[in-house]
Structures are given as structure tokens and as C-alpha cells.
There are 4 protein chains.
Amino acid sequence: MKERILVTGFEPFGGDDINPSGDVLAMLDGMDIGGYQVVTALLPVEWGTVKDRIEALIREVQPRVILSLGLAAGRPEISVEKVAINYTSESKDNAGVIPEKRTIIEGASDGYFTTLPAEEIVEALRAEGIPAKLSLSAGAYLCNYAFFCAAHLTKQGGGRTKVGFIHIPATPELAAKRKTSVPSMDLGRIKRAVEIALRTVVKSFQNVGDEEGF
Amino acid sequence: MKERILVTGFEPFGGDDINPSGDVLAMLDGMDIGGYQVVTALLPVEWGTVKDRIEALIREVQPRVILSLGLAAGRPEISVEKVAINYTSESKDNAGVIPEKRTIIEGASDGYFTTLPAEEIVEALRAEGIPAKLSLSAGAYLCNYAFFCAAHLTKQGGGRTKVGFIHIPATPELAAKRKTSVPSMDLGRIKRAVEIALRTVVKSFQNVGDEEGF
Amino acid sequence: MKERILVTGFEPFGGDDINPSGDVLAMLDGMDIGGYQVVTALLPVEWGTVKDRIEALIREVQPRVILSLGLAAGRPEISVEKVAINYTSESKDNAGVIPEKRTIIEGASDGYFTTLPAEEIVEALRAEGIPAKLSLSAGAYLCNYAFFCAAHLTKQGGGRTKVGFIHIPATPELAAKRKTSVPSMDLGRIKRAVEIALRTVVKSFQNVGDEEGF
Amino acid sequence: MKERILVTGFEPFGGDDINPSGDVLAMLDGMDIGGYQVVTALLPVEWGTVKDRIEALIREVQPRVILSLGLAAGRPEISVEKVAINYTSESKDNAGVIPEKRTIIEGASDGYFTTLPAEEIVEALRAEGIPAKLSLSAGAYLCNYAFFCAAHLTKQGGGRTKVGFIHIPATPELAAKRKTSVPSMDLGRIKRAVEIALRTVVKSFQNVGDEEGF
């Protein structure tokens, strides 16, 4: 059986009725990336549910890679996140809940770097005409929360599962509904960006394999 | 013979080797818009040449509409310009020339409004999922210069030729080459935006016609 | 009797309880600028009132210069406006009123340039360590409205009265109350900026006088 | 003898000839903050020197608090940094050197949270009319580098020394020299911001003391 790559996206939030990070999943599901099979999952925008959901997904899918996607309306390019932090803002989720504590997981590290080759992904995207940059903050809302939980849980699980997060811009359809000026990227290009990112990840496994003499 | 719509774009400038306002012309040339034929022309980024070039185009093409396009790298959406002003910045063109005077045409009005239905174009674009806004400044570089010349010359010519200017965002391919963060829009969507704008213009003629009992 | 300079500011609007463009007036009122006396007036943020108020002020004060000030929260520097346009947005004023027409004064020009030496003011401010730039749009709200009315009325009156508009940033006190990130400038520095602007204007009169052999 | 607070700033860099983070030190040096004495030090903008310099300062000053300051030209408000990361960008320092490795200290944690009450400092500043926000990224240049080194070294030293970093905006004098639009804050207000931050820190010690029954 093929090894699997888990790609997650989020439900709409904050008054929008669409979220391209969720919409792109259907375009990726089942795809083969260098011998790995893409499996997708939609995450709720709820502090109380996301951690358990990710834990269950890790158990069920046993992914070699978890790449989570989230919407960063306002950012003009694909941002590949470098670091997840053990911190939440006092912001309401879709259920109207504000997390009681600022710390996500007591006793965990303050920050975890992505274990995906973030800089190489940025380079690969730009080489293909997709605006991209390395981002040093995934914020303190549910995107960072999911990223931190995945990073912590997989580290606890031995670290074989590689973890990363990509923030995507709004789509033009979403931006056209907003009253303020919001940069955008077509969903097709976003899909292609995720695919290039995953190919870069899989290629990095093979390079390591070569070096290690597998 | 069909009446004609003149769409102009610009050559690359400022260190870029592409300019989507010029690249989109080939996708529009020869198109029929509600019975009008699109004719296109590429303008040089040169203070000394643009006015004569527009004057010659008006004479040769005798367009019912002039819609000029220009690149506004940094703006995230289609911006439909409201006003052209009789003013230039002290900036070098592609020939390295800075215009001697700040005034474009001595004795002309300080400003001319577009004679296209700018607000309706913005609405039509947004309704079709294309981020767009009304812009109150076309700057003081060659975009405003071309817009002002076209507005002045057609007004002198009796005003039957309607004139407008649309600033377009960078394309993803262009943004991916820049070192700083630049919002972008796909060339295909830009082309569609220009088409919707022109359809809105032609429709406004017909509405006026209806009202006037043609 | 000394000739007079009229400086206007605005009442608070849009949910703020302070407006530095009004607050600065008390610091300027009565000041002597190169032999001219500064007179100040606070304008209401109301479409229906501003034009009559400016007309009355011109009659009563008979100013040699009108410099209107307005708040542009979000702009980081002093912006010296180049042009007023004959156009209003569909935005509510403090009385909850949206203007019926987009045109401010039927039959007036589409745009009027400031008759103050805007570029020289920008240079003088920067030379004194005050961030400043020439702005090509005063927007389409009450700032542009007041600027356009003053420009039109004084032109109708023969043009001896010179007219300009300066947008000022939020103050730190105002910015600290906002939820979003807003750049700011100290009220003392704003006051100094207006003073430098007025000195530059008065000096330009004297230069013209010298040249003309007065 | 009084316990000490170490405040550091940086030399000018990146083409500027002033750096307000260094200029403010003279205004703070020797000040008493709730019984603590402020000691200041200017850091070089050099990858190869900063870590040793901080190590030496900790040894010599034995500070109860290290608050480092750095310039973030472009940010409009005081930003109190939440987290230092074990990462450097490939950027030249004042000596023209790019660090060989992306990792600052091998074997250290990926991220360290500030041990100052960052959220309380932000609140205290805003209450005093100083625009401020919590920042989730100190970047990957020498500011983050100094912050990370101080956080790591003091943690190794037992954690009694509390560590934080504040990014300050450009001053108006600096912004007025730039060609692009840069928000600013007066040096006097920046000085007051640092003082309020330090008072908040010292007060937090006393609160802890009270609770612990000292």
C-alpha cells in the first residue's frame, strides 16, 4: 500500500461563506505525488475540536506528511510557515468560544519549526511563477493552533511524520465580495502551489534517501 | 463597417521585462464587443512620444471608445480610474528622460473625468467575481499622461469618443520575480475584466440610445 | 489691518471622539505668519452645511489664503493635496446623510489644482524632519468636498485668494484607541507642519513680489 | 546596591545614518525604575559579535531584566515581541557578512517566549496613548538574533534574568529622509514607551512577590 500525505483545510470563518483552504481539498484528494497518495480532511474552526480531530487523523491515516492549509486574507502570496508557537489569541472561533488559556499544550516547547523544507518550497514555487515567501508567523488563531498541535503530536510520535503549514491568499471570488482591498490568487494556482510544495517535500525524502545510501 | 474600440497597453518599464497591460492586447485584438470591433495598440513608455502616438491613433482608428490599460504593481485589484490630471511627476521614462514641465498641456483643464461609466464597470466586475474598485488617482507617470492626452484630444474633437483608463495588477509571473511582496491577478482574469468593462461601456450606449428614443 | 490666512479643521467623525485637524486650530489661532494673521474655523462633517459655511467665511474673513486641514487616518505622513475633484462618494456624513448627486457643483470644472506651492511645501517639511509627500487624491469625502468648494468659490471670486488642503495623520492618542494598526504623528509636530506650510506660502508671495518688482 | 536592568539598542544599519533604538539609550541610562537602575549598551549590527557581547554584558551587569530594542522601520507602533526563534535570514550585516548557518545555536530550542509580561506591557502603553501591539515575529535579522541569544543564555543561567524585545518605529527625522512612505514616532514618546514597559515589568515582580508572601 502507498504511503499517505494528509492535506487539511479549514471551514469558512469570520463572516465569509467560502474558504479556499477547504475548497482546494477536492482538487487534491486522491492525487499521487511521487508514489504517495494524498488524503484530505476538512477541519472545523473550533478551539475545542481541532486537536482531537488531528490526533484521530494521525491515528487513522498514519501519514508520512501532514500539510495543513489556511486562509490568510490580506497576504498577497503563498506563505510557507516556518514556526508554530504554543500560544493562542483571545479570539472567538466559529462556536463563539474564546480559549481559556493562552498556552495550547502545557509543558510543550514554546515553538516548533516546520519539518518540511520550507525554503526549498518557496524557491520551487517562485521558479514556477507562483508568488511565495517564507513566513515567520502563522498568527495565533486556529491556523497556528492546528499547526502547533500537529507538530507536537508528531514529535511525540517519534518525528517520522513531517509537518508543515501553508497560508494561502483569498481567491478573487472572495476578494470581490469584501468591502476593503484584499489581494487574491486563483484557486487553480493555489492548487498547483500545493502540488509543487508536496512534490518538493517528496523529492527531499528521496535526496535524504540517496545521501543516506538507501 | 463596424465602429471601433481602441484598447491601448504599455511596453515594459522600470526594470521589468514584461508588462501585462501590453501582453493582454493580443488576447483582445479583433474581438467583437456588442457590434464594436476591438483594435489594439502598444504605447511606448516615453513622455516625448505618447501624445503624438495617441493623436495619430485617434485619426487613423476613429474609435468610439478609447480604453487605455496600464500596470499598477502593488494594487491588488482592477482599478477603474475616475480622473486624469494635467500634471507629471519628475520621473524618468524608458528613454531616461524627465519631462521639463509639470503641466502636460498648457491651457487645458486641471482635470478631466473619464467619460466611461466607471462606477458601473466596477459593479459589473465585482458581480463577476473580479476584485475591482474606483480609483481617484491614476498617478502622475505615463499612465495618467496617456489618459490625460486622450481625454483632452477627444474633448477637443467634440467628445463623441469616450475615454477611460484601467490600472491592472501585476500578474503572478511578474510578482514571483519581485523581491518585495506584490499582489497579483492572472492574465486570463485581467483579459476577462477588460472584456466586461467594454461590454458595460457598449451597453451604456444602448441605454442612452433607448432613453433618447433611437 | 493685517491680511488674513484662514485655516480650517473638521469635527470628529466616523466613530472617533477626537479629530486632530480640529484640535490643532487652537494652537494656530491668532498666530502671525510673515505679517499675515491666522484665523481659524471648525467645519462640520456635513454635506449640506460645508459649502455655505465656507462661502460665509470667505465673505467675513476675506482671507488671502485658505488652508483646510483634514484627518487621513492610515496615512503615515503629512500629505499636501494637489487636486480637488468635482465628485462625492456615496458615504454618510455625521448627520447620516448621503449626498444625492455625485457632482459637487454642476457646471464647475472636473478638477482644480491647489493654488498653493504644494511641491515647495513638501520639500520645506522634509527639510525640517517632518515626513511629508505630495498627494494626488484628497478622496471623495468631506475633505475633498470642502477643498473643491473653496477652490471653486475663490476662482469665481477672481483667484486672489489662494487655496490648499493638507491631510494629517492620526495622533498617537487616536491611534492607541483603534483596534487596527494606524500610523500617527504628534499634535505638536502637526502644528509645526502647518506653520511651516504657511510660511512657505507667504514666502512664495514675496518671491513673486520681488520678481514682479514690487 | 540596586539591582539592574539592561537596555540594549543597535547601531545604524542598512544605509541609515541614525538608529533611534541606539539614540534612545542616552535618555534612559542611569534612570531608576521602581528601585532598579537602568544600564544601557549599544550593540553592533554584526552576526559575529552580538552573541559574545551579550554574554559579556550578562556577566558584567548581572541584570534582573534585559530589554533589547531594535528599529522596525515600516511598523507604525511599538511592537512588543512574543517569541525569539532559532533562525537567521541570509542577510548581510554591517560588516557585509551573511551567517553560514540558518540555526543560531545548535541544540537550543526552536523558539523561546519572552519572559516579560508582553500582553500587560501592550495594555499599559495603549492606556497611556502610545500605539502598541503584541508582535508574533521579531524577524530573522539581528534583532531576533540578539533576542534569541539573550533568551537562551539567561535560560541556561537559571532563568532569573527576564528577557524581552521591543521593536520601535522610525522617528520622523528618519522617515523624512526616506524616499518611500514610512510611519514614525517621536523619540520622546519612544523613550516614554520604554519607561512604561520597564515599570510594568518591575510591577509584575512586585505582584508576584505579594502573591508569594514576600
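For the structure itself, consult the block above.
What counts as what
- Residues numbered from 1 in each chain as written.
- Chains lettered and ligands numbered in written order.
- Predicted model: local features only at pLDDT ≥ 70, side-chain atom pairs only at ≥ 80, totals over all residues.
- Heavy atoms only, no water.
- Salt bridge = Lys/Arg side-chain N within 4 Å of Asp/Glu carboxyl O.
- Helix = DSSP H or I, 4+ residues; strand = E, 2+ residues; numbered from the N terminus.
- Buried < 20%, exposed > 50% of the residue type's maximum accessible area, 1.4 Å probe, protein only.
- Least-squares fit on C-alpha atoms with pLDDT ≥ 70 in both.
- Contact = heavy atoms within 4.5 Å.
- Axes fitted to C-alpha atoms, helices over the stretch in contact; angles between N-to-C directions.
- Left-handed = near helix turned anticlockwise from the far one by under 90°.
- Nonpolar A, V, L, I, M, F, W, Y, C, P; charged D, E, K, R; others polar.
- Phe/Tyr/Trp six-rings, centres within 6.5 Å; stacked < 30°, edge-to-face > 60°.
- Lys NZ or Arg CZ within 6 Å of the ring centre and 35° of its normal.
- Buried area = accessible area lost by both parts, 1.4 Å probe.
- Polar contact = N/O pair within 3.5 Å; in protein donor to acceptor, adjacent residues only side chain to side chain.
- Pairing = 2+ DSSP bridges.
- Arc of directions from axis to C-beta.
- Disulfide = S-S within 2.5 Å.

S.K.: How should I be thinking about the pattern of salt bridges in this particular structure?
M.R.: Side-chain pairs of opposite charge can arise whenever the charged atoms involved come near each other. Within this structure, the stated rule accounts for 53 salt bridges over all chains. Across the salt bridge formed by C:R189 and D:D186, the nearest N and O atoms sit 2.8 Å from each other. Note that C:R189 is positioned in helix α7 (residues 187–211) and D:D186 in the loop between α6 (172–175) and α7 (187–211), a pairing that runs across two chains. Like C:R189, the residue D:D186 is buried in the burial classification. Residue D:R102 pairs with D:E90 through a salt bridge whose shortest N-O separation is 3.9 Å. Of this pair, D:R102 sits in the loop between β6 (83–85) and β7 (111–113) while D:E90 is found in the loop between β6 and β7, placing the two residues 12 residues apart along the sequence. Owing to a relative accessible area of 60%, D:E90 belongs among the exposed residues under this scheme. Connected via shared salt-bridge partners are A:E3, A:R64 and A:R160.

S.K.: Help me understand the relation of the copies chain B and chain A, please; the structure alone is not making it clear to me.
M.R.: Least-squares fitting of chain B to chain A yields an RMSD of 0.0 Å, with the superposition described by an axial translation of 0.0 Å and a rotation of 180°. The symmetry that links the two subunits is that of a two-fold axis. For chain B, the residue whose C-alpha comes nearest the rotation axis is B:P183, separated from it by 2.7 Å. A share of 100% of the interface residues of chain B reappears at the interface of chain A, consistent with the copies meeting face to face through the same patch.

S.K.: Explanation requested: the environment of B:P169 in the structure shown.
M.R.: Residues and elements named next belong to chain B. Relative to the elements of secondary structure, P169 occurs in the loop between β9 (162–168) and α6 (172–175). Assessed through its relative accessible area of 0%, P169 is described here as buried. Expressed as a C-alpha distance, the spacing of P169 and E77, which sit 92 residues apart in the sequence, is 6.0 Å. When residues no more than four places from it in sequence are discounted, the contact partners of P169 are P20, L71, A72, R75, P76, E77, I78, S184, M185 and I190.

S.K.: Sorry if this is basic, but what is going on with the packing of helix α3 (residues 47–61) of chain C against helix α5 (residues 142–156) of chain C here?
M.R.: Between two packed helices, what matters for the description is the angle formed by their axes and the separation of those axes. Residues and elements named next belong to chain C. Orientation of α3 relative to α5, taken along the N-to-C sense of each, is 35°, at an axis distance of 10 Å. With respect to the hand of their crossing, α3 and α5 are arranged in right-handed fashion. Within the contact between the two elements, α3 uses W47, V50, K51, I54, E55 and I58 and α5 uses L142, Y145, A146, C149, A150, L153 and T154. For the contact of α3 with α5, the class distribution of residues is 10 nonpolar, one polar and two charged.

S.K.: Sorry, what's going on with the packing of aromatic side chains here?
M.R.: Think of a pair of aromatic rings as described by two things: how far the centres are apart, and how the planes are tilted against each other in angle. All told, the structure shown has 28 aromatic pairs over all chains when counted by the stated rule. Counting every residue linked through ring pairs, the aromatic cluster contains A:F13, A:W47, A:Y141 and A:Y145. When the ring centre of B:F113 is taken as reference, the NZ or CZ atom of B:K82 above it lies at 5.0 Å. Sitting above the plane of the D:F205 ring, D:R64 keeps its charged end 4.1 Å from the centroid.

S.K.: Honestly, the interface of chain D and chain A in this entry has me stumped. Any pointers?
M.R.: For an interface, size is often stated in terms of accessible area lost upon the parts coming together. If you look at the interface, chain D gives 16 residues, while chain A gives 16 residues. Here chain D meets chain A over a buried area of about 1,300 Å², counting both sides, of which 67% is carbon and sulfur. Looking at the side of chain D facing chain A, the largest losses of area belong to D:Y87, D:F113 and D:L136, adding up to 45% of the total buried there. Taken together, the links from chain D to chain A amount to zero salt bridges. Residue assignment for the side of chain D that touches chain A shows that the elements contributing at least two residues are β6 and β7 of chain D.

S.K.: Would you explain the interface of chain B and chain A in this entry?
M.R.: Facing 19 residues of chain B, the contacting portion of chain A comprises 19 residues. Together, the buried faces of chain B and chain A total about 1,500 Å²; carbon and sulfur atoms form 43% of this surface. Counting the surface chain B buries against chain A, the share from its top three residues, B:R126, B:A176 and B:R189, is 31%. Connecting chain B to chain A are four salt bridges. The interface formed by chain B and chain A contains 10 residue pairs in polar contact (both at pLDDT 80 or more). Of all the elements, α6(B) adds the most residues to the side of chain B that touches chain A, at three residues.

S.K.: How should I be thinking about the relation of the copies chain D and chain A in this particular structure?
M.R.: Each copy of the chain is related to the other by a rotation around an axis and a translation along that axis. Least-squares fitting of chain D to chain A yields an RMSD of 0.0 Å, with the superposition described by an axial translation of 0.0 Å and a rotation of 180°. Comparing interface residues between copies, 100% of those in chain D also sit at the interface in chain A, which points to an isologous, same-surface contact.

S.K.: I'm lost on the sheet that holds strand β4 (residues 65–71) of chain C in this one. Help?
M.R.: By definition, the strands of a sheet pair up through backbone hydrogen bonds, in either a parallel or an antiparallel sense. Residue and element names in this part refer to chain C. Read across the open sheet, the seven strands follow the order β2-β3-β1-β4-β9-β5-β8; overall the sheet is mixed. Single-partner strands in this sheet number two, and they are β2 (32–33) and β8 (132–135). In the sheet, β2 pairs with strand β3 (residues 36–43) via two bridges, with the strands oriented antiparallel. Within β3, the residue paired with I33 across the bridge is Y36.

S.K.: Can you help me understand the arrangement of the chains in this one?
M.R.: Across the gap from chain A to chain C, with no contact made, the nearest C-alpha atoms are 13 Å apart. A gap remains between chain B and chain D, which never touch, and the nearest two C-alpha atoms on either side lie 13 Å apart.

S.K.: How do you make sense of helix α4 (residues 118–127) of chain A when you look at a structure like this?
M.R.: Note: α-helices contain 3.6 residues per turn, so residues at a spacing of three or four share the same orientation. Residue and element names in this part refer to chain A. Inspection of α4 places A118, I121, V122 and L125 among the buried residues, and these make up the whole buried set. The buried residues of α4 occupy one face: seen down the axis, they fall within an arc of 100°. The outward face of α4, more than 90 degrees from its buried face, is lined by the exposed residues E123 and A127. Where α4 ends, the next residue or the one after it, G129, has phi of about 80°, a positive value.

S.K.: Looking at this model, I keep getting lost on the environment of A:G139. Mind explaining?
M.R.: Considering the arrangement of structural elements, one finds A:G139 in the loop between β8 (132–135) and α5 (142–156). A:G139 has contacts with A:I85, A:N144 and D:L136, leaving out every residue within four places of it along the chain.

S.K.: Please explain unusual backbone geometry as it appears in this structure.
M.R.: For residues other than glycine, phi is negative in most cases, and the peptide bonds are mostly trans. A positive phi is found at C:Q62, a non-glycine position, where the angle reads about 45°. Position of C:Q62 among the secondary structure elements: in the loop between α3 and β4.

S.K.: How should the state of the cysteines be read in this particular structure?
M.R.: Each disulfide consists of one covalent bond between the sulfur atoms belonging to two cysteines. Residue and element names in this part refer to chain C. On inspection of all chains with the given rule, the structure shows zero disulfides over all chains. Between C143, a cysteine without a disulfide, and C149, which holds the nearest cysteine sulfur, the sulfur-to-sulfur distance is 12 Å. On the accessibility criterion, C143 (9% relative accessible area) is buried. The class for C149 is buried, based on a relative accessible area of 0%.

S.K.: Explain the sheet that holds strand β3 (residues 36–43) of chain A here, please?
M.R.: All names here are of chain A. Taking strand neighbours across the sheet as the criterion, the seven strands line up as β2-β3-β1-β4-β9-β5-β8 in an open arrangement whose pairing is mixed. Strands at the two margins of the open sheet, each flanked by one partner only, are β2 (32–33) and β8. Two elements, strand β4 (residues 65–71) and strand β9 (residues 162–168), share seven bridges in a ladder whose sense is parallel. Looking at β9, one finds that L69 is bridged to I166. Where α4 meets the sheet, it contacts β5 (78–81) and β8, and its direction lies at approximately 165° from that of β8.

S.K.: In this structure, what is going on with the side chain of B:D186? I would like to understand it.
M.R.: You can call B:D186 buried: its relative accessible area is 17%. Within the local environment of B:D186, its side chain forms a polar contact with the side chain of A:R189, the two groups lying 2.8 Å apart. The residues touching B:D186, leaving out its near neighbours within four places in the chain, are A:D186, A:R189 and B:P172.

S.K.: Got a minute to help me understand the environment of A:V39 in this structure?
M.R.: Residue and element names in this part refer to chain A. Take V39: it is sitting in strand β3. The exposure class assigned to V39 is buried, which follows from its relative accessible area of 17%. With 115 residues separating them along the chain, V39 and T154 place their C-alpha atoms 17 Å apart. Sequence-distant contacts of V39, defined by excluding residues within four places in its chain, comprise R4, I5, L6, V7, D29 and V61.

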